[in-house]
Structure formats: C-alpha cells, structure tokens
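Overview (structure and organization)
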Amino acid sequence: MPGPSDRQHRVRVDDARIETERLVLRRWSTDDAAAAVAVYGEEEVARWLAPAMAPVPDRDAMERVLGQWIEECRRLEPPSGRWAIELSETGELVGGAAILPLPPDGVDLEIGWQLARRFWGRGLATEAGHGAAHYAFTAGVDEVFAVVRPRNTRGIATARRVGMEWVGETDKYYGLTLQVYRLREGDLDVPRLPGRRSSAEGA
C-alpha cells in the first residue's frame with residue numbers, strides 16, 4: 001500500500017515506486033536502455049555526474065550500465081536505490097534519480113537526479129528531488145545530501161529549489177571537489193522568507 005501523501009507536493013511512496021504530481025519514479029529495467037541513452041548519452045548530463053561517468057554511447061552499453069545498477073540495488077538497504085523517472089501522463093522516460101550511500105563510510109545518504117536535456121526548464125528535476133527526499137524521510141532518515149560540482153550551476157539551483165542548504169566544499173567524495181548541500185526532514189517544503197539568503201548566496 002502507498003505511504004502518506006504530502007498535501008503540497010502530492011508525493012506517494014511505497015517500496016519500489018514514488019509518485020509526484022507529474023512524475024513516477026520506478027525501478028529500472030534493462031528494457032529501458034534505448035530510452036535511457038537519451039539521458040546518459042548526453043555530454044551535458046554525464047559530465048556532471050559523481051562519480052565521473054563518460055556519456056553512454058549506445059543501447060548495448062546502456063543495457064550493461066542498467067544491469068549493474070539493478071544488481072547494485074539488490075544489495076542496498078532501503079531507502080537507497082535507483083529509479084527511472086517517467087512522466088505520469090504519458091509514461092515517457094525522462095531521466096533517473098538515486099538515493100545512495102556516500103563514500104567513504106556509507107553513513108550519509110546522497111540524493112541525485114538527471115533529466116534528458118529536452119526536459120530541462122520545466123521544474124521536473126526539483127519535483128523528482130522532492131519525491132526522493134520524501135521517500136527517504138518516510139523511511140526514517142533524518143537528513144539527505146546532494147553533492148554538486150562547483151561549475152554545475154543548474155544542479156546547484158535545483159538543490160536550492162528542493163530546499164537544501166549549502167554546508168561547505170569537500171574533496172572527500174569520489175576524488176572530486178564538490179559543493180555539499182543538506183536537507184533535513186523539518187526543512188522540506190518550508191518556504192523561504194522574502195529577502196532571506198542562504199550562506200551559499202553571500203551577503
């Protein structure tokens with residue numbers, strides 16, 4: 001049975017599926033390979049992933065990647081996992097989302113999202129991030145993180161729109177210099193006051 005629904009974002013969750021107003025996040029299948037190349041074959045998507053990942057060149061390579069992700073998910077404890085993102089109205093695959101343990105100790109959980117380039121600018125990444133965060137909090141997690149490369153301005157903007165606060169810069173994850181954003185359960189869906197700035201936005 002689906003879990004609680006959030007009145008503002010209309011998020012419904014269960015063990016394998018997250019539903020938001022416009023999206024369905026569901027487990028990957030190797031049958032998704034052809035559609036997923038439109039996401040992970042894009043240089044402008046792949047270049048910002050952490051750990052680093054080259055653009056996936058074709059359907060066969062994407063099928064191998066999806067097979068690895070599916071196997072990885074079998075070993076992970078909820079709420080960790082990876083999901084395909086579909087438009088709920090049409091069923092079209094538009095991206096991917098993940099909740100994964102951050103190295104090196106695997107205690108903190110990272111949420112991530114990727115969209116095919118032609119679906120940028122519609123607020124879908126923010127909606128997927130909200131959905132993933134709700135799922136994590138429903139499972140009992142107190143906080144989640146996003147790690148973003150410093151020049152990934154779109155990723156930084158999305159993390160802020162999800163409600164995340166900048167907490168610093170680190171090079172301890174994935175051998176990369178990354179900006180770290182954090183979201184606590186009590187801060188999800190809390191609107192910012194007019195004129196209020198986070199520490200990342202400066203004086």
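Refer to the structure above for everything that follows.
Residues numbered from 1 in each chain as written. Predicted model: local features only at pLDDT ≥ 70, side-chain atom pairs only at ≥ 80, totals over all residues. Heavy atoms only, no water.

Inspection of every chain in the model, using the stated rule, returns 4 aromatic pairs. Relative to W69, the ring of Y40 has its centre 5.2 Å away and its plane inclined at 80°; by these criteria the two rings are edge-to-face. Of this pair, Y40 sits in helix α1 (residues 33-40) while W69 sits in helix α3 (residues 59-75), placing them 29 residues apart in sequence. Comparing Y40 with W69 shows no difference in burial state: the two are buried. Geometrically, the ring pair formed by W83 and Y135 is edge-to-face, given 5.5 Å between the ring centres and 80° between the ring planes. Here W83 is found in strand β4 (residues 81-87), whereas its partner Y135 is found in helix α4 (residues 124-138), with 52 residues between them in sequence. W83 gets classed as buried once you look at its relative accessible area, which sits at 1%. Feature note: the residues W28, Y40 and W69 constitute an aromatic cluster, connected by ring pairs. (Phe/Tyr/Trp six-rings, centres within 6.5 Å; stacked < 30°, edge-to-face > 60°. Helix = DSSP H or I, 4+ residues; strand = E, 2+ residues; numbered from the N terminus. Buried < 20%, exposed > 50% of the residue type's maximum accessible area, 1.4 Å probe, protein only.)

What follows covers the pairing of strand β3 (residues 23-27). Along a regular strand, successive side chains alternate from one face of the sheet to the other. With respect to burial, β3 is a largely interior element, 4 of its 5 residues being buried. With 3 bridges connecting them, strand β2 (residues 17-19) and β3 associate as antiparallel partners. The partner of E19 across the bridge, within β3, is V24. (Pairing = 2+ DSSP bridges.)

Attention now moves to the packing of α1 against α3. Here α1 crosses α3 at 95°, and the two axes come no closer than 8 Å. With respect to their mutual orientation, α1 and α3 come out roughly perpendicular. Taken together, the residues of α3 that come into contact with α1 (itself represented by A33, A34, A36, V37 and Y40) are R59, M62, E63, L66 and W69. Among the residues forming the contact of α1 with α3, the class breakdown is 8 nonpolar, no polar and 2 charged. (Axes fitted to C-alpha atoms, helices over the stretch in contact; angles between N-to-C directions. Parallel < 35°, antiparallel > 145°, perpendicular 65-115°, else oblique. Contact = heavy atoms within 4.5 Å. Nonpolar A, V, L, I, M, F, W, Y, C, P; charged D, E, K, R; others polar.)

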